[in-house]
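Geometric and topological summary
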Amino acid sequence: DISIIISAIISLCYTLFGGLVSVAYTDVIQIFFIVIGLFLALPFAMTHPAVSNIYSAKLDDGLTPAWYGSVAPHEWGGWMDHSLLCLLGGIPWQCYFQRVLSAQTSTRAQLMSYGGAAIALVMTGPAVLFGAVARSTDWSLTEYPCSAPSGDTAKLVMPLTLQYLTPPAVAWFGLGAISAAVMSSTDSSLLSASSLIARNVYQKVFRPGCGEREVVMALWVIIVGNCALATTLAIQYKSIYELFVLCGDFTYVILFPQLLLVIYWSKANTYGSVFSFILTVILRLSVGDKYLGLPAAFSFGVVTASCPTVEDPDHMCEGALPYRTFIMLIGLVVHIIVSAATDLSFCMAEVDLRWDFLDCYQRIGSVIVMRNTREMDTPVKSLKVGGVLS
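A brief look at the structure comes next. Because the structure is a prediction, the values reported are computed rather than measured.

1. A look at the pairing of strand β2 (residues 316–320)
Burial along β2 is one-sided: C317 and G319 are buried, while M316, E318 and A320, pointing the other way, are not. Bridging between strand β1 (residues 302–306) and β2 involves five bridges; their strand directions are antiparallel. In the sheet register, V302 faces β2, and the bridge partner there is A320.

Okay, structure coming up:
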């Protein structure tokens with residue numbers, strides 16, 4: 001807990017006083033720590049006397065290495081859900097778009113996106129191999145006082161591997177790499193979330209006419225508040241993976257369908273967004289969440305499959321269907337239906353604009369068009385409006 005608090009204070013200080021510039025430069029330093037620390041520690045862990053060849057143990061088919069693992073028939077729903085969550089739930093994150101939109105040119109923004117994806121793919125290699133090493137380790141031959149990590153302790157295999165399978169100096173660099181990875185995510189998320197609240201909530205909702213200095217002061221206060229909240233969550237939840245999955249879960253379910261439609265469908269509007277947001281939040285909270293301690297009010301069903309044991313050859317196992325994906329698709333469909341219905345009502349049926357409570361539409365000449373679309377300031381949009389008026 002003390003190390004979490006100290007890390008939060010350090011991250012808070014350079015985020016407050018340096019802003020995006022300090023976050024960017026510290027991220028560069030931290031990525032070097034990650035690369036050096038992990039790639040330095042990996043050979044020492046793999047050659048430890050307690051570690052056997054990671055390819056020697058096989059699964060039941062006699063061909064697949066045991067550390068590859070397997071997915072039971074009743075677990076496919078959960079695995080598919082988490083796979084899509086990790087793939088698509090990381091796209092609508094504010095910290096990513098903050099970096100991309102701050103790039104000087106579109107080409108640099110594209111290179112940043114593709115380069116970041118390539119670096120992330122390369123950096124998964126050491127992490128996966130550390131898991132394979134932990135699977136192939138006889139932990140009784142190490143100084144680790146417990147049996148092989150399993151259950152909740154399985155989430156700690158990487159720091160345990162660094163601590164007990166590498167020399168102290170190498171372990172220091174390896175654990176520093178983990179800390180650097182955490183810090184690089186902390187400062188980016190802290191700044192992006194606070195900037196979002198300061199600009200889109202404080203300035204646009206509560207203080208529309210405020211100056212830039214007031215926004216910056218509000219940003220400082222929000223950063224401090226978000227840091228305190230994030231520190232409390234980090235102390236409460238002992239697993240970084242749990243926090244990542246929890247954040248990615250709600251981002252995937254709530255924000256991904258809205259981002260998809262805003263970019264690729266010009267008729268998406270605030271009515272569809274609001275209805276989709278409210279519905280997906282209600283549905284997601286209603287199915288429960290073990291990390292938040294929420295009981296399930298209803299279920300989308302389960303997958304049932306045979307998983308015989310020695311004691312019970314007819315034993316049946318149950319697993320969850322990909323309910324997160326179901327909720328995301330429901331939100332996507334609702335957004336399309338509501339946006340299309342309101343667009344048809346105001347633009348085609350020409351319903352009086354006094355019923356446009358969210359002020360999404362405006363009259364230009366004799367036609368009604370949306371106030372803001374992804375085409376708003378492009379030559380194509382200007383030609384369309386000009387053609388209608390002429």
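2. Quick word on the state of the cysteines
Throughout the structure, instances matching the rule amount to one disulfide. Across the disulfide from C307 sits C317; the S-S distance is 1.7 Å. Taking the torsion about the S-S bond as the criterion, the C307 to C317 disulfide, at about 95°, is right-handed. In this pair, C307 sits in the loop between β1 and β2 while C317 sits in strand β2, placing the two residues ten residues apart along the sequence. Relative accessible area serves as the criterion here: at 16%, C317 is assigned to the buried category.

3. Considering the pattern of salt bridges
Scanning the entire structure with this criterion turns up eight salt bridges. Among the salt bridges present, the one from R324 reaches D81, with a minimum N-O distance of 3.3 Å. You can see R324 sitting in helix α10 (residues 323–348) and its partner D81 sitting in helix α2 (residues 76–88), a full 243 residues away along the chain. A salt bridge links R199 to E212; its shortest N-O distance comes to 2.4 Å. Pair noted here: R199 is in helix α6 (residues 168–206) and E212 is in helix α7 (residues 212–236), with a separation of 13 residues, a long-range link. With a relative accessible area of 45%, E212 lands in the partly exposed category. Taken together, the shared-partner salt bridges in this structure form one network comprising D81, D249, R284, D289 and R324.

4. Overview of a nonpolar patch on the surface
A cluster of nonpolar side chains, contributed by V28, I31, F32, V35, I36, F39, L40, F44, I119, V122, W172 and F173, occupies part of the molecular surface with about 1,100 Å² of accessible area. For the nonpolar patch, the elements supplying multiple residues, two or more each, are α1 (2–46), α4 (106–135) and α6. Of all the elements, α1 adds the most residues to the nonpolar patch, at eight residues. Turning to its location among the elements, V28 is positioned in helix α1.

5. What to know about the packing of α2 against α10
Between α2 and α10, the least distance of the axes is 7 Å, while the angle of their chain directions is 55°. Relative to α10, the element α2 lies oblique. Residues D81, H82, L84 and L85 of α2 form the contact with α10, whose participating residues are Y323, R324 and T325. Of the residues assigned to the contact of α2 with α10, the class counts are three nonpolar, two polar and two charged.

6. A closer look at the nonpolar core
Of all hydrophobic cores here, the largest spans 19 residues; its most connected members are L38, F130, W139 and L165. At the level of elements, α1, α4, α5 (157–165) and α6 are the ones that each hand at least two residues to this core. When sequence neighbours within four positions are dropped, the list of residues in contact with W139 reads A134, Y144, A148, P149, L160, T161, Y164 and L165.

7. Let's talk about the packing of aromatic side chains
Counted according to the given criterion, the structure contains ten aromatic pairs. Consider the rings of W139 and Y144, whose centres lie 5.4 Å apart with planes at 65°: the pair is edge-to-face. Taken together, the ring pairs in this structure connect Y55, W67 and Y68 into an aromatic cluster. Lying across the ring of F250, R284 places its NZ or CZ 5.5 Å from the centre.

8. Section: unusual backbone geometry
The phi angle at E350 is positive, at roughly 55°, despite the residue not being glycine. If you trace the backbone, E350 turns up in the loop between α10 and β3 (361–364). Using a relative accessible area of 45% as the deciding quantity, one classes E350 as partly exposed. The phi dihedral of D359 is positive, around 55°, even though this residue is not glycine. Inspection of the secondary structure puts D359 in the loop between α10 and β3.

The rules we used
Residues numbered from 1 in each chain as written. Predicted model: local features only at pLDDT ≥ 70, side-chain atom pairs only at ≥ 80, totals over all residues. Heavy atoms only, no water. Buried < 20%, exposed > 50% of the residue type's maximum accessible area, 1.4 Å probe, protein only. Helix = DSSP H or I, 4+ residues; strand = E, 2+ residues; numbered from the N terminus. Pairing = 2+ DSSP bridges. Disulfide = S-S within 2.5 Å. Salt bridge = Lys/Arg side-chain N within 4 Å of Asp/Glu carboxyl O. Patch = residues over 30% accessible without salt bridge, like charges linked within 9 Å, V, L, I, M, F, W, Y side chains within 5 Å. Areas by Shrake-Rupley, 256 points an atom, 1.4 Å probe, with all protein chains shown as cover. Axes fitted to C-alpha atoms, helices over the stretch in contact; angles between N-to-C directions. Parallel < 35°, antiparallel > 145°, perpendicular 65-115°, else oblique. Contact = heavy atoms within 4.5 Å. Nonpolar A, V, L, I, M, F, W, Y, C, P; charged D, E, K, R; others polar. Core = buried A, V, L, I, M, F, W, Y, C linked by side-chain atoms within 4.5 Å. Phe/Tyr/Trp six-rings, centres within 6.5 Å; stacked < 30°, edge-to-face > 60°. Lys NZ or Arg CZ within 6 Å of the ring centre and 35° of its normal.

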